[in-house]
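# Inside the fold
Spelled out, the chains give:
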Amino acid sequence: MSKKAKKTAAKTAAQTASRAAPKAAARGHGKTATKGPANRLNGATAERIAIALEAIAGHLSAASPATGGPEPFGSADAFVWHPEGRLSPVPRVSRVDLGLLKGIDRMRDILIENTERFADGLPANNALLWGARGMGKSSLVKAAHASINIDRKPADRLKLIEIHREDIESLPGLMDLLRSSDFRFIVFCDDLSFDGNDASYKSLKAVLEGGIEGRPDNVILYATSNRRHLLAREMIENERSTAINPGEAVEEKVSLSDRFGLWLGFHRCSQDEYLAMVRGYCGHFGIKIADEELEREALEWSTTRGSRSGRVAWQFTQELAGRLGVRLAGKS
């Protein structure tokens, strides 16, 4: 709601209240002892009504998505979705080059092929990337999106829209916004999982397959999670113990993951894969260090962290580059 509309609503309320004041005074004619206080009371009431209406108008304006005007998707290739109906463009996506993602070749090839088919208007599956932390699940989604767009004309470029886990209930509203667009969209949710009595997963289920409208043809959903079934074990067990038919309750929970047609599992990397990641980063960013010393320091770093992963390899690379005075200018 515009400022003009809000002022009009407040003015109308004030006029209504002021018209009501003489009528109240006429009904109280002859009661001169209360006439002054009544007028003051009516004036105060009108002011309160005007203030309340203006506040309501402000809330409605904030909650309403922007309408009219040109489609916003041409301004960027990536956006962040806000549940009040707003898309924020992301001029520069935080990502790594596809060639730097080591140890996940099979998952990389499958996701790239699926994304290319979707970008070309062919059938493709929603994808769930699940497994070990720090193994490049979200990095692969962002890198795949960038690699698909390299040689595409502006009108054919894929758009990446990130929706936060806590905003999943607003997903149907996002689908309504995207449905009428000529662009094609990857809707991406990082670290997706559900705990406790959270029922927002039902909004995701409806969009994936079960709703009467379903997923728009120009939208595909990619999600990452540390859990294969997206739901905590105790959440499933609670359903089993309290349901009249425990088997059906568990099936209801597990069926959420089943609605992703593509499952890509990411597992902990070996020592050789971890060292290949470190060497790949150092070669890409021009970090000069003897290979024997690099291997020794990288293994020592992973030991102190208690794990080996792509994330640990990147953190070590940042530490090494900072110590040697090398700027990581090649990171896009």
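Just so you know, these numbers come straight off a predicted model, no measurement behind them.

## Things to note about the sheet that holds strand β5 (residues 185–189)
Picture the strands of a sheet paired through backbone hydrogen bonds; they go either parallel or antiparallel. Read from one edge of the open sheet, seven strands run β2-β1-β4-β5-β6-β3-β7, paired in mixed fashion. Only two strands of the sheet have a single partner each, and these edge strands are β2 (86–89) and β7 (262–266). Each neighbouring strand pair of the sheet contributes to a mean axis angle of 25 degrees, computed without reference to strand direction. Two elements, strand β4 (residues 159–162) and β5, share four bridges in a ladder whose sense is parallel. Bridge pairing in β5 links L160 to I186. Sheet strands touched by helix α5 (residues 171–179): β1 (78–82), β2, β4, β5 and β6 (219–225). Its angle to β5, the strand with the most contacts, is close to 165 degrees.

## Some points on the pairing of β5
With respect to burial, β5 is a largely interior element, five of its five residues being buried. Along β5, one buried face is formed by F185, V187 and C189 and the opposite face, lined by I186 and F188, is buried too. This β-α-β element, β4 to α5 to β5, shows right-handed connectivity. As defined by bridge partners, β5 adjoins β6 across five bridges and the pair is classed as parallel. What sits directly across from V187, in β6, is L221.

## Things to note about the packing of aromatic side chains
With the rule as written, the count across this model stands at five aromatic pairs. Ring centres of Y281 and W314 lie 5.1 Å apart, and the angle between their planes is 55 degrees; this geometry places the pair in the tilted category. Remark: W314 occurs in helix α11 (residues 310–324) and Y281 occurs in helix α9 (residues 271–285); sequence separation between them is 33 residues. Take Y281: its relative accessible area is 6%, and that puts it in the buried class. Residue classification places W314 among the buried positions, given a relative accessible area of 15%. With a centroid separation of 5.7 Å and an interplanar angle of 50 degrees, the aromatic rings of F285 and W314 are classed as tilted. Remark: W314 occurs in helix α11 and F285 occurs in helix α9; sequence separation between them is 29 residues. Accessibility expressed as a relative area gives 10% for F285, which makes it buried. Counting every residue linked through ring pairs, the aromatic cluster contains F73, F79 and F185. Above the plane of the ring of F118 lies R184, whose end atom (NZ or CZ) is 4.4 Å from the centre.

What counts, and at which threshold
- Residues numbered from 1 in each chain as written.
- Predicted model: local features only at pLDDT ≥ 70, side-chain atom pairs only at ≥ 80, totals over all residues.
- Heavy atoms only, no water.
- Pairing = 2+ DSSP bridges.
- Helix = DSSP H or I, 4+ residues; strand = E, 2+ residues; numbered from the N terminus.
- Axes fitted to C-alpha atoms, helices over the stretch in contact; angles between N-to-C directions.
- Contact = heavy atoms within 4.5 Å.
- Buried < 20%, exposed > 50% of the residue type's maximum accessible area, 1.4 Å probe, protein only.
- Right-handed = clockwise from strand over helix to strand, strands pointing away.
- Phe/Tyr/Trp six-rings, centres within 6.5 Å; stacked < 30°, edge-to-face > 60°.
- Lys NZ or Arg CZ within 6 Å of the ring centre and 35° of its normal.

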